[in-house]
Amino acid sequence: MLRLSLKESRPAVLMAFQLRYSAGVALAVPAAPIGTSLPVLPVLLGAFSWFCAIFYTYLYNGCTDVREDRVNGSRRPIAGGRLPLDAALAVARGALCAALVSAALAGLGTLLLCAVLLLLGHAYSAPGTAWKNRTSRAMGTVLFSGLLTYCAGPVALGVPPHVPTLLVVSVAMSLWMALVGAVAKDLSDIAGDTAVGRRTWAVTLGERRTRALVAAGALTVGLGFTGAALLWAPALLATALVVLAGGAAVAAVTLRGGSGSPGARRRPYRLFMLTQHLAHAALLGQAVV
């Protein structure tokens, strides 16, 4: 049951949030007071709390997306009938509790940030709010969840999250999430979203216009990140160039369109995800070196 729940919560997304958290830590370490030992345990507890919070968010999302996922032909465990809904909800509630407990052990700052993240994640999927139903609200949710994640590492470390390099990365990569990922993800879900009455851009504007917006967002973030790195944070240039290359690839694949199959329509989102993984790997690799 736990293995299927992890699969439902999208391991690539769980990894992406851990990379963001780790990037926040890595960029804040140089700003830590000289001569003091780094608080390793709070940082590790913070990472675990963030993992559990994102695990809850996406598992709960899967629990509320059953109907549209089945229309879209999703092979995830809940939609495929391999993971019972009540079991998934029980695991999600356990993850929520684990997130709050571990965040509290990490410190008050981490607890407050984690609580806000959980509220955002819940509001995104809960029937009473369902921010996922409109692209603008989904974009706002992922934008703030990204910013919170980049702040969480420094807060656990005991460093104010206003290091220049951290500010550039957190804004650029959170915009990458909002302007690219939050829009591209809907390209493969048009049938299911239409069936349940969602008002995403892919539904209301149509696939062609939405693809143009994804391409524009990818290029804008890539160019903007590169320009910001040149002006304010030259140490981030390698990371920015990865995003610029990824943005160009996302734009090219998105504008080319798809064959109509779910896999083809999913390619822009997969490239979005691969780009942010590679960008954070480059950033963390540079920090270690």
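Please refer to the structure placed before this passage.
The structure displayed is predicted, hence computed values, not measured ones. (Residues numbered from 1 in each chain as written. Predicted model: local features only at pLDDT ≥ 70, side-chain atom pairs only at ≥ 80, totals over all residues. Heavy atoms only, no water.)

K.L.:
Account for the environment of Gly-227, with residues named and values stated.
P.N.:
Tracing the backbone shows Gly-227 in helix H11 (residues 207-232). Gly-227 sits in the partly exposed class, given a relative accessible area of 28%. Once the C-alpha coordinates of Gly-227 and Phe-51 are considered, the two residues, 176 residues apart in sequence, prove to be 32 Å apart. (Helix = DSSP H or I, 4+ residues; strand = E, 2+ residues; numbered from the N terminus. Buried < 20%, exposed > 50% of the residue type's maximum accessible area, 1.4 Å probe, protein only.)

K.L.:
So, the nonpolar core: which residues are in play, and what are the values?
P.N.:
If you look at the biggest cluster of nonpolar residues, it comprises 77 residues, and the most contacted ones within it are Trp-50, Trp-176 and Phe-225. In contact with Phe-225, not counting residues within four places along its chain, are Val-168, Val-169, Ala-172, Met-173, Leu-236, Thr-239, Ala-240 and Val-243. (Core = buried A, V, L, I, M, F, W, Y, C linked by side-chain atoms within 4.5 Å. Contact = heavy atoms within 4.5 Å.)

K.L.:
Any details on the side chain of His-280? Residues and values, ideally.
P.N.:
For His-280, the location among the structural elements is in helix H13 (residues 262-288). In terms of polar contacts, His-280 uses its side chain to reach the backbone carbonyl oxygen of Gln-276, at 2.7 Å. The contact partners of His-280, leaving out residues within four places of it in the chain, are Leu-19, Arg-20, Ala-23, Tyr-150 and Met-173. (Polar contact = N/O pair within 3.5 Å; in protein donor to acceptor, adjacent residues only side chain to side chain.)

K.L.:
Can you tell me about the packing of aromatic side chains, naming the residues and giving the values?
P.N.:
One pass over the full model with this rule turns up four aromatic pairs. Judged by centre distance (5.3 Å) and plane angle (40°), the ring pair of Tyr-269 and Phe-272 falls under tilted. Note that Tyr-269 and Phe-272 are positioned in helix H13 at a spacing of three residues, about one turn of the helix. Grouped by ring-pair contacts, the aromatic residues Trp-176, Tyr-269 and Phe-272 constitute a single cluster. Positioned over the ring face of Phe-17 is Arg-20, at 4.3 Å from the centre of the ring. (Phe/Tyr/Trp six-rings, centres within 6.5 Å; stacked < 30°, edge-to-face > 60°. Lys NZ or Arg CZ within 6 Å of the ring centre and 35° of its normal.)

K.L.:
Help me get a handle on the side chain of Thr-57, residues and values and all.
P.N.:
Note that Thr-57 resides in helix H3 (residues 40-64). Residue class for Thr-57 comes out buried when judged on its relative accessible area of 10%.

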